[in-house]
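A structural walkthrough
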Amino acid sequence: MSTILSSTYVAPLSSDMEEWDEFLKGRYREGKSEEEFRQYDAEANPGVAEFYRLNHENQTVDYVLQKERQYFGLAKGEKSIWEAAEFLNTLVDDSDPDTDLTQIEHLLQTSEAIRADGLPRWFVLTGFVHDLGKVLCLWGEPQWGVVGDTFPVGCAFSKDIVFHEYFAKNPDLHHPVYSTENGIYEPHCGLEKIHMSFGHDGYIYEVMKNYLPEEALYMLRYHSFYPAHKHGAYRHLMNDHDVDMFRWVNEFNKYDLYSKGHSKPNVKELKPYYDDLFAEFFPAKIRW
């Protein structure tokens, strides 16, 4: 079993992940020119490049299976949705001069943008909970193992994955099975059978899978799977149901990437609506 030594990790992003959010909004903006795409390289984005170097070198099959065993059993205790959001608030770095928004306010910006468009209540709820899996950082996980584009492990890494060149030092690249197109999977086996790189998407899916409709669960599980929903990669592993459900992932991502505005949501005023929404879908406390 491979292990990652904490001494090798130097946090490349601010602890409230603002640099990561800005990178996403820029990279995946619609209608970009070829010249603009060249801005997303190691020289222009050294912090993000270092993040991806660590992510791509270390997200191996062994690492993913180890983390799934560690977290997917939901053994971190029980919390209400508000308690989980308040716990996530402690991730904010008070020394960061660029933002004074709390994590709860960021969550509300996403869910309120969805609500303003008159979408179903389960969709609004998905907007609020989708980033709660970032609590993994507060349990000692490095940011490269919590956020970032996700991708399957156990098969060849798509060239559509951002900073693909950093897979050169991932040991799975030279594995006789993991390096092949289908790897350990059957063609068109469906994403349900795929092990994705470990992060907050897969974790929040496990937390929420008994409470939300399938459309919402696809949004949660694959909202960072940009090689697939932005570039069409990994269709050889997806089945027809995955392809159909990905329209919900695409619908969600425009809110995830572009809902952050300059005005702060009024948490006190909004709380009664969300109290009612949480009670509709969840018991008082759920397992994390």
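Note that the structure is a prediction, hence the values are computed from the model and not measured. (Residues numbered from 1 in each chain as written. Predicted model: local features only at pLDDT ≥ 70, side-chain atom pairs only at ≥ 80, totals over all residues. Heavy atoms only, no water.)

1. Remarks on the side chain of Glu206
Note the following rule: Per the convention used, a helix needs a DSSP run of H or I reaching at least four residues, while a strand needs a run of E reaching at least two, with both numbered from the N terminus. Accessibility here uses a 1.4 Å probe with only protein chains present; expressed as a share of the type maximum, an area under 20% marks a residue as buried, one over 50% as exposed, and anything in between as partly exposed. The contact definition used throughout considers only heavy atoms, calling two residues in contact when any of these lie within 4.5 Å.
Along the chain, the position of Glu206 falls in helix α8 (residues 200-208). Classification of Glu206 by relative accessible area gives buried; the value is 10%. Look past the residues within four positions of Glu206 in its chain and what remains in contact with it is Phe72 and Leu74.

2. Structural notes on the environment of Phe252
Among the structural elements, Phe252 can be located in helix α11 (residues 240-258). According to the relative accessible area criterion, Phe252 is buried, its value standing at 0%. Separated by 34 residues in the primary sequence, Phe252 and Tyr218 have C-alpha atoms spaced 9.8 Å apart. Not counting chain neighbours up to four residues away, the residues in contact with Phe252 comprise Ile114, Phe123, Thr126, Gly127, His130, Met219 and His223.

3. Things to note about the packing of aromatic side chains
We apply this condition: Stacked, edge-to-face and tilted are the three classes for Phe, Tyr and Trp ring pairs, Trp counted by its six-membered ring, which pair at centre distances within 6.5 Å; planes under 30 degrees apart are stacked, over 60 edge-to-face, the rest tilted.
Evaluated as defined, the whole model comprises 31 aromatic pairs. Considering the side-chain rings of Tyr71 and Trp139, the 6.3 Å spacing of their centres and the 20° angle between planes classify their relative orientation as stacked. Of this pair, Tyr71 sits in helix α4 (residues 61-71) while Trp139 sits in the loop between α7 (121-129) and α8, and the two are 68 residues apart along the sequence. Here the aromatic rings of Phe151 and Phe167 are separated by 5.2 Å at their centres, their planes lie at 90°, and the arrangement is edge-to-face. Here the residue Phe151 occupies a position in the loop between α7 and α8, and Phe167 occupies one in the loop between α7 and α8, the gap between them amounting to 16 residues. This pair shows no difference in class: Phe151 is buried, exactly as Phe167 is.

4. Brief notes about the packing of α7 against helix α12 (residues 267-281)
So the rule is basically this: Here, axes are lines fitted to C-alpha atoms. For helices the fit covers the stretch in contact, and angles between N-to-C directions go from 0 to 180 degrees. Each angle is binned into one of four classes, with values under 35 degrees roughly parallel, values over 145 roughly antiparallel, values of 65 to 115 roughly perpendicular, and all other values oblique. Only Asp, Glu, Lys and Arg are considered charged in this grouping, and only Ala, Val, Leu, Ile, Met, Phe, Trp, Tyr, Cys and Pro are considered nonpolar; every other residue, Gly among them, is considered polar.
For the pair α7 and α12, the least separation of the axes is 11 Å and the interaxial angle reads 105°. Classified by the interaxial angle, the pair formed by α7 and α12 is roughly perpendicular. Here α7 contributes Arg121, Trp122, Val124, Leu125 and Phe128 to the contact with α12, which in turn contributes Tyr273, Tyr274, Asp276, Leu277, Phe278, Glu280 and Phe281. When grouped by side-chain class, the residues that make up the contact of α7 with α12 number 9 nonpolar, no polar and 3 charged.

5. Describing the pattern of salt bridges
Applicable threshold: Put simply, a salt bridge is a Lys or Arg side-chain nitrogen that is within 4 Å of an Asp or Glu carboxyl oxygen.
Throughout the structure, instances matching the rule amount to 13 salt bridges. A salt bridge links Glu280 to Arg121, with the shortest nitrogen-to-oxygen separation between them at 2.7 Å. Residue Glu280 is found in helix α12, and its partner Arg121 is found in helix α7; the two are separated by 159 residues along the sequence. Residue Glu251 pairs with Lys254 through a salt bridge whose shortest N-O separation is 3.2 Å. Separated by 3 residues within a single helix, Glu251 and Lys254 lie in helix α11, roughly one turn from each other. Given the relative accessible area of 43%, Lys254 is considered partly exposed. A cluster of three or more residues bridged by salt bridges with shared partners is formed by Glu50, Arg53 and Glu57.

6. Details of the nonpolar core
Filter applied, for reference: The definition of a nonpolar core used throughout is a set of buried Ala, Val, Leu, Ile, Met, Phe, Trp, Tyr and Cys residues joined through side-chain atoms within 4.5 Å.
Among the nonpolar cores identified, the biggest contains 81 residues, and Ile81, Phe128, Leu132, Met208, Leu212, Tyr274 and Trp288 are the most heavily contacted of them. Beyond its immediate chain neighbours, meaning those up to four positions away, Tyr274 contacts Trp82, Leu108, Ser111, Glu112, Val124 and Phe128.

7. Describing the environment of Glu78
Here Glu78 is to be found in strand β1 (residues 78-79). Setting aside residues no more than four positions away along its own chain, Glu78 makes contact with Glu83, Lys285, Ile286, Arg287 and Trp288.

8. Here's the deal with unusual backbone geometry
Of note in this structure, Phe163 is not a glycine but carries a positive phi near 55°. Position of Phe163 among the secondary structure elements: in the loop between α7 and α8. Note on Phe163: relative accessible area 6%, which makes it buried. Within the chain, His188 stands out as a residue other than glycine whose phi angle is a positive 55°.

9. Some details on the packing of α8 against helix α9 (residues 214-222)
As a packed pair, α8 and α9 sit with axes 7 Å apart at the nearest point and diverge in direction by 150°. Of the possible angle classes, the one that applies to α8 and α9 is roughly antiparallel. For the pair α8 and α9, the contacting residues are Asp201, Ile204, Tyr205 and Met208 in the first and Leu217, Leu220, Arg221 and Tyr222 in the second. Class assignment of the residues belonging to the contact of α8 with α9 gives a composition of 6 nonpolar, no polar and 2 charged.

10. Overview of the confidence of the model for the protein
Going by this rule: For every residue, the predictor assigns a confidence score, pLDDT, that lies between 0 and 100.
Overall, the predicted model of the protein reaches an average pLDDT of 85, with 80% of residues at or above 70. Segment residues 93-99: pLDDT under 50, and 8 contacts once partners within four positions in sequence are set aside and those in other chains are kept.

11. Brief notes about α7
Among the 9 residues of α7, 8 are classified as buried, and the element is accordingly described as predominantly covered. Listing the buried residues of α7 in full gives Trp122, Phe123, Val124, Leu125, Thr126, Gly127, Phe128 and Val129.

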